[in-house]
Amino acid sequence: MIDDTLFEAEEKMDKAVTVAQEDFSNIRTGRVTPSVFSKITAEYYGTQTPLNQLASFHVPEPRMITIQPFDKGSTAGIEKAIRNSDLGVNPTSDGVLIRVVFPELTEERRREYVKTARSKAEDSRISIRNIRRHAKDALDKMVKNAEAGEDEVRRAEAELQKLTDSYIAKVDELLKHKESELLEI
């Protein structure tokens, strides 16, 4: 029962790190990646569909992405979705390809992105600590209900703390990497 609680906590902490990684990949750096479009959906035959299911992405230059829709009929919908997104870019189309040129990041904008990254990292740390708290509560209930001995639970809590520290360290490492990526010119 103790092992199940620890295993479940570890799985949830791993998911929290994965979410942080995805959040960081959506923060734009000087080099543009197709992942900046991952949360954008376009209307396609009356259904909101993710862009990665409607088109292929190519990065010919560090600040430009070309998007080639699989169905030419979806070109206008993809353009509209990109234009209405929070990316702040204006796509151009020649009927076959959609070109999206991203502006050069200013120092001020880079600093804003660093703040955003730090905020997302803190959200992940909070999530990991909440997982630890829920697991600790479950362990305490086991002692209270006489399902496990106090010594076993104390050892499990020490293991839980080690897990928490290691996953928080992973988030910190991801943040450090993202910050250096954002601040390089």
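Thresholds, definitions, all that
Residues numbered from 1 in each chain as written. Predicted model: local features only at pLDDT ≥ 70, side-chain atom pairs only at ≥ 80, totals over all residues. Heavy atoms only, no water. UniProt positions renumbered as here; feature names shortened; annotations may be inferred. Helix = DSSP H or I, 4+ residues; strand = E, 2+ residues; numbered from the N terminus. Expected span 1.5 Å × (residues − 1). Buried < 20%, exposed > 50% of the residue type's maximum accessible area, 1.4 Å probe, protein only. Contact = heavy atoms within 4.5 Å. 1 Å grid on protein atoms, 1.4 Å probe; cavity = no way out; pocket = protein on both sides within 12 Å on 5 of 7 lines; lining within 4 Å. Points joined across faces, edges and corners; volume = space filled by probe spheres on them. Nonpolar A, V, L, I, M, F, W, Y, C, P; charged D, E, K, R; others polar. Domains from an automatic or database assignment. Salt bridge = Lys/Arg side-chain N within 4 Å of Asp/Glu carboxyl O. Polar contact = N/O pair within 3.5 Å; in protein donor to acceptor, adjacent residues only side chain to side chain.

- Under the annotation held in an unreviewed UniProt entry, the protein carries the name Ribosome-recycling factor and is attributed to Trebonia kvetii.
- The Function (unreviewed entry) field of the UniProt record for the protein holds the comment "Responsible for the release of ribosomes from messenger RNA at the termination of protein biosynthesis. May increase the efficiency of translation by recycling ribosomes from one round of translation to another."
- In its Sequence similarities (unreviewed entry) section, the UniProt entry covering the protein states "Belongs to the RRF family."

### Remarks on helix H1 (residues 2-25)
Logical step 1: In a regular helix each residue adds 1.5 Å, so 24 residues correspond to 34 Å; H1 covers 35 Å between its end C-alpha atoms and thus fits that length.
Logical step 2: Restricting attention to buried positions, one finds in H1 the residues Ile2, Thr5, Leu6, Ala9, Met13, Ala16, Val17, Ala20, Asp23 and Phe24.
Logical step 3: Looking at the buried positions of H1, the neighbouring elements they touch are helix H3 (107-144) and helix H4 (150-183).

### Brief notes about the layout of surface pockets
Logical step 1: Volume-wise, the second largest pocket comes out at about 160 Å³.
Logical step 2: Forming the walls of the second largest pocket are Met1, Asp4, Thr5, Glu8, Ala9, Lys12, Ile131, His134, Ala135 and Ala138.
Logical step 3: It is H1 that provides the largest number of residues to the lining of the second largest pocket, a total of five residues.
Logical step 4: When its residues are assigned to classes, the lining of the second largest pocket shows five nonpolar, two polar and three charged.

### Remarks on the domain arrangement of the protein
Logical step 1: What the domain assignment reports for the protein is domain 1 (1-28 + 106-183) and domain 2 (34-101).
Logical step 2: A C-alpha centroid distance of 34 Å is found between domain 1 and domain 2.
Logical step 3: Contacts between the two partners involve four residues from domain 1 and, on the opposite side, four residues from domain 2.
Logical step 4: Summed over the shared surface of domain 1 and domain 2, the result is zero salt bridges.
Logical step 5: Counting every contact that joins domain 1 to domain 2 gives zero residue pairs in polar contact (both at pLDDT 80 or more).
Logical step 6: Split into classes, the residues belonging to the side of domain 1 that touches domain 2 amount to no nonpolar, two polar and two charged.

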